[in-house]
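Inside the fold
For reference, the chains in residue letters:
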Amino acid sequence: MFGEEALERLTELVGGRQLLLGRMAKLALASGNEDTYRLLQKVVHIDNATTGTVRLKKNVKKIDEMVLDTRSTRTLRVNR
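All of these numbers come straight from a predicted model, not from anything done at the bench.

**Some thoughts on the confidence of the model for the chain**
Averaged over all residues, the pLDDT of the chain is 80; the fraction at 70 or higher stands at 82%. Within the chain, helix α3 (residues 62–71) has the poorest average pLDDT of any element, 74, and strand β1 (residues 44–48) the best, 91.

**A short note on helix α2 (residues 34–43)**
Every buried residue of α2 is accounted for by T36, L39, L40 and V43. For α2, the angular spread of buried residues about the axis comes to 100°, placing them on one side.

**Brief notes about the pattern of salt bridges**
Considering all chains together, one arrives at 3 salt bridges under this definition. For R38, the salt bridge goes to E34, with nearest N and O atoms at 3.5 Å. In this pair, R38 and E34 are both assigned in helix α2, 4 residues apart and thus about one turn of the helix distant. The exposure class of E34 is exposed, given its relative accessible area of 54%. Of the charged contacts, one joins R55 and D47 as a salt bridge, the two residues approaching to 2.9 Å between their closest N and O atoms. Residues joined by salt bridges that share partners form a network here, namely E34, D35 and R38.

The rules behind these values
Residues numbered from 1 in each chain as written. Predicted model: local features only at pLDDT ≥ 70, side-chain atom pairs only at ≥ 80, totals over all residues. Heavy atoms only, no water. pLDDT = per-residue confidence, 0-100. Helix = DSSP H or I, 4+ residues; strand = E, 2+ residues; numbered from the N terminus. Buried < 20%, exposed > 50% of the residue type's maximum accessible area, 1.4 Å probe, protein only. Arc of directions from axis to C-beta. Salt bridge = Lys/Arg side-chain N within 4 Å of Asp/Glu carboxyl O.

And the structure:
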């Protein structure tokens, strides 16, 4: 069905996405951004937000993925 190279590339893509989403969970927790954290919970299982350990969910609604994608590019000002 898939060649060995295609499977390796797919594994790299999924692993890379998982790392980025884990980093997002870690940053959302550290910054207190509850909205982003809740959005992430719709896309991944957050095993440990402190370390950024997440697992991709198998059945994710396309709209949840799109909302997370568009909301994750917004910059928030931090009150000092």
